[in-house]
Amino acid sequence: MTRYVEHGPTGLMAPPWKSKDTASWLIVLPIDDDEGVVDYLEYLNGSNDQPAVDAAPFTYELLEGQQYAFLTVTHHPHAVRTDPDSPPGSELMGWNRMKFTEVSLSIRVGRRYKPVWPSPERQDQVWVQPFVWYDNPTMVFSAREIWGAPAEYMRIDRHEGAEFGKFLHLDTAYVGVEVYCPFSYNELLAALHLTIDAGAPMRPAHLQAVERPLRSLLGQLTGIGAKSRRGAAGPIGEVAFEIDALKEFRSAENMQLAIYRALVSSHLKWDHAPREVRWHDPAKIAVDFMWSAGLNDLLRKFLRLAPPAECDQKVPAVFDEFNPTPPRPACHCGAPFPHSPDRPPPPTQPGKPPQHICWDLYRLPATPKLCFSYKADLTFDEAKAKHVYQLA
Amino acid sequence: MMMPLGTVPYAQTTASLEVAPPYHFPGVIVHGFVIDVSLKQVQKYYDSTFNLGDQKERGFVYRTAPAWPYGLLLFAQYPRMLCASRGPDLMRGIPSYAARGSVCQNEVFLAIPAVRYGTTKIGAILDTTVDWALPFMVVENASSASCGREMIGLGKVLADVEIGEGKAPGGFSAAVSFPGWKTGAEDELQEPLEFVRILTEPPMPTNFGKDPRTTPMGLLRTRAGSALAEGWSSFIDLAERASLGTLPLDMRTVSLKQFRAAEDPERAIFQSLVTCRSQYSDVSDFRVFNDGDVSIDFNTYASFRPILKIFIDPAKIDPPKPPHISRIGVTCRAAYSMTSTIDFDEMRTIFIRPIDPGPGNAWAQPDSDLVAAWARPWVGLFAKAPQ
């Protein structure tokens, strides 16, 4: 075994790790068109313009029926690595006790193994996450470099009073450019504005009103309504969901090539049944994605969210070439919005990244179908490379 | 599709925010501080980080420069960072990286010369060169951090860098903070902590601060100072070049690019040494600070100590008696500021370590490309032409 060379700044949150007393808000968004999922599966499978040298023994494929995207906000107040070989407080890998907030989009897909005698054809159901946002850089690096998640750093503001069981107002923003153009300059761009009412304790009727396939997915992803093999209550360690991701790193000389590419599977387990489950009326939830070029494909392909044509007004000519539906000027149509559409001025000090969130962007509301919130303890159990592409 | 040895196509998602090098950075404001480092500690770092495996198989060894017991703590303010790669105008219907716009950031790093000696007869001539190790590097842009870590192997940390004017107009102050742990106590959560604070008077000539005749201006007058002329950051040389304004300055960094196994994060699935060139040009507004006016203090919080031990004697970091958390000052030998254009390019994998990647993953190919930059044209001239 070749050991990873640990030095000063390399400490990460390595699995297995436990997160106690997490608070999650889960919003179900129907996917009306499969294009985004199909596109993402092609990315995982390495087809089209990104062929792999050798094929994995399995392919990812769309599951039949209605597709759903599960937008999840999870606040981890206390996560810690549990590997006994690296106790907390020890140097390097021991630095791993932290809090963070995570926003992710999860989609259920199939992982089909080709029949290889004597094994028959087999299909597993796994989750893929087109995006995972963290407000903690250690988690971003851990996710990207260990289990291969497409993690990005985001500023995530949970506004004052946003405690579990109360009204939630959450904003996310990232440093990027609104439109891809040689003249574009970075701003702290809003990405998601979310408000969820306090809700009410979930009653059995709330769950029974959910159609069976969706209820099953809910159980798999959150443990809500799921029964352990031992019974309805108590530990449900068997309930785990598997997240697959493409872990890859570029060659230093040619950035179009990878020196490592693998399909990695990781497991999350719910240590106990979710606690304090609350149901939220979808009509009292606002899910507003804010358009910018970096999020365009995620919004347009997965959620069919794109700037409306009527907002296509005066736009600098320089944007025309790259943006058939340019995003300016801002469109704050629809429900009242708590954020100012005034564009923050750029920082005056050279080099200083923008500090104020720009909300002068297209606002694209998504229509939620369901929303639950809950508290839970979970374990990020293990990650494993299911297939490592053999390099040429 | 024919692929170069040891590669497969990189699968690009349009959701990725990372921009691949090479880069072009115009108008960078640079503040450089030459500080004392412990060569013993630095050599330990080189041995564990660069001198991997067996020296005979490796064919080179990295050592410190004995006449140069200093590091360069450098603060760079990038008002505009541009991708300089050439490629198709559109990638999957999206403008190429170079056409997407620009970002800004502050960056702080410590650079220490790492002399690479070839250990074979020919290698002693052709492979010997001076690189710069960057054992500590922070940036303010998250994508920059991910790019540096994943593409080049630079251990960039996302940080907050507050830059000000110091004690008087024209001076310089900076504080660098990033997430860490104060004591390492069992129930302690990560929090933003200040790592280093730096403060200067205005650059010379100035009426503020110490009388320059009473301070050593150490580096410029020592024997080690003359050794500077052989390295990139020769301040005498730099000043001369700055006066010309057009001559480029080169700094070739070396870093360990390595990745963790998903199954066992303490196991490496890939290890290589990567060098890159930072070329400084159009240097202007070159100013020298009185080194006696510079104070540099590092905080010895628990999770910062492994970083500090790379270049500071551990006995100074871990006092035998409480308080265990304290500030530690380092001696500044020279300080300067300038504005420059920086080009970051010529990424090169000079060595791929043969590793055991685990069952079923026999994909890591040992490889090396050690020829020093100066010798490359000559080696290329006499090399066999590709078929």
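Here is what the cut-offs are and how they apply
Residue positions are given per chain, counted from 1 along the sequence in the order it is written. Chain labels run from A onward and ligand labels from 1 onward, assigned in the order the entries are written. The predicted origin of the model limits local features to residues at a pLDDT of at least 70 and limits the giving and counting of side-chain atom pairs to 80 or more, whereas totals for whole chains, interfaces and linings rest on all residues. Only hydrogens and water are set aside when side-chain values are computed; all heavy atoms of the structure are taken into account. Put simply, DSSP H or I for four residues or longer makes a helix, DSSP E for two residues or longer makes a strand, and each gets a number counted from the N terminus. Only protein chains enter the accessibility calculation, which uses a 1.4 Å probe; a residue is then buried when its area is under 20% of its type maximum, exposed when over 50%, and partly exposed in between. In what follows, residue pairs with any heavy atoms lying within 4.5 Å of each other are defined as contacts. A pair of aromatic rings is counted whenever rings of Phe, Tyr or Trp (Trp by its six-membered ring) have centres within 6.5 Å, and the orientation is called stacked for planes under 30 degrees apart, edge-to-face for over 60 and tilted otherwise. Each ring is checked for a lysine NZ or an arginine CZ that lies within 6 Å of its centre and within 35 degrees of its normal; such an atom marks a charge sitting over the ring. To obtain an axis, a line is fitted to C-alpha atoms, over the contacting stretch when the element is a helix, and the angle between two such axes runs from 0 to 180 degrees between their N-to-C directions. Take the far helix as the reference: if the near one is turned anticlockwise from it by less than a right angle, the crossing is left-handed, and if turned clockwise, right-handed. Once two parts are put together, the accessible area they lose, assessed with a 1.4 Å probe and summed over both, is termed the buried area. Salt bridge, as used here: a side-chain nitrogen of Lys or Arg that lies within 4 Å of a carboxyl oxygen of Asp or Glu. We define a polar contact as two N or O atoms separated by no more than 3.5 Å, with the added condition that, inside protein, one atom must be a possible hydrogen donor and the other a possible acceptor, whereas residues neighbouring each other in sequence contribute only through side-chain atom pairs.

1. Some thoughts on the overall build of chain A
The secondary structure content of chain A amounts to five helices and 17 strands. The proportion of buried residues among the 392 residues of chain A is 59%. Within chain A, counting contacts between residues at least 6 apart in sequence, those at least 24 apart form 73% of the total.

2. Focus: the packing of aromatic side chains
All chains considered together, the criterion is met by 42 aromatic pairs over all chains. Measuring from centroid to centroid gives 5.7 Å for A:F100 and A:Y134, while their planes differ by 70°, and the two rings are edge-to-face. Here the residue A:F100 occupies a position in strand β4 (residues 98-113), and A:Y134 occupies one in strand β5 (residues 122-134), the gap between them amounting to 34 residues. A network of ring pairs unites the aromatic residues B:F136, B:F178, B:F195, B:F298, B:Y301, B:F304 and B:F311 as a single cluster. Between the NZ or CZ atom of A:R111 and the centre of the ring of A:F58, over which it lies, the distance is 5.8 Å.

3. Quick notes on the packing of helix α2 (residues 137-147) of chain A against helix α4 (residues 142-152) of chain B
Where α2(A) contacts α4(B), the two axes come as close as 11 Å, and the packing angle between them is 35°. The crossing of α2(A) and α4(B) is right-handed. Across the interface between the two elements, A:V140, A:F141, A:R144 and A:E145 of α2(A) pack against B:A145, B:S146, B:R149 and B:E150 of α4(B).

4. Thoughts on the interface of chain A and chain B
Interfaces are often described in size by the accessible area the parts lose on coming together. Contact residues are listed per partner, giving 88 residues for chain A and 101 residues for chain B. Summing both partners gives a buried area of about 8,500 Å² for chain A against chain B, and 58% of it is carried by carbon and sulfur. B:D160 is the salt-bridge partner of A:K352, the closest N and O atoms lying 3.2 Å from each other. Remark: the boundary between chain A and chain B carries 34 residue pairs in polar contact (both at pLDDT 80 or more). It is α2(A) that provides the largest number of residues to the side of chain A that touches chain B, a total of seven residues.

5. Observations regarding the pattern of salt bridges
Here the structure, examined in full by the defined rule, presents 41 salt bridges over all chains. The shortest N-O distance in the salt bridge between A:R3 and B:E266 comes to 3.1 Å. Placement of A:R3 in the segment before β1 (17-31) and of B:E266 in the loop between β13 (249-260) and β14 (268-289) is noted, with the two residues assigned to different chains. With relative accessibility at 13%, the residue B:E266 sits in the buried group. One salt bridge connects A:K269 with A:D381, and the closest N-O pair in it is separated by 3.4 Å. A residue pair is termed long-range when its members are at least 10 positions apart, and A:K269 in strand β12 (residues 257-270) and A:D381 in strand β17 (residues 370-388) qualify at 112 residues. Since its relative accessible area comes to 29%, A:K269 is described here as partly exposed. Taking the relative accessible area as the measure of exposure, A:D381 reaches 25% and is therefore partly exposed.

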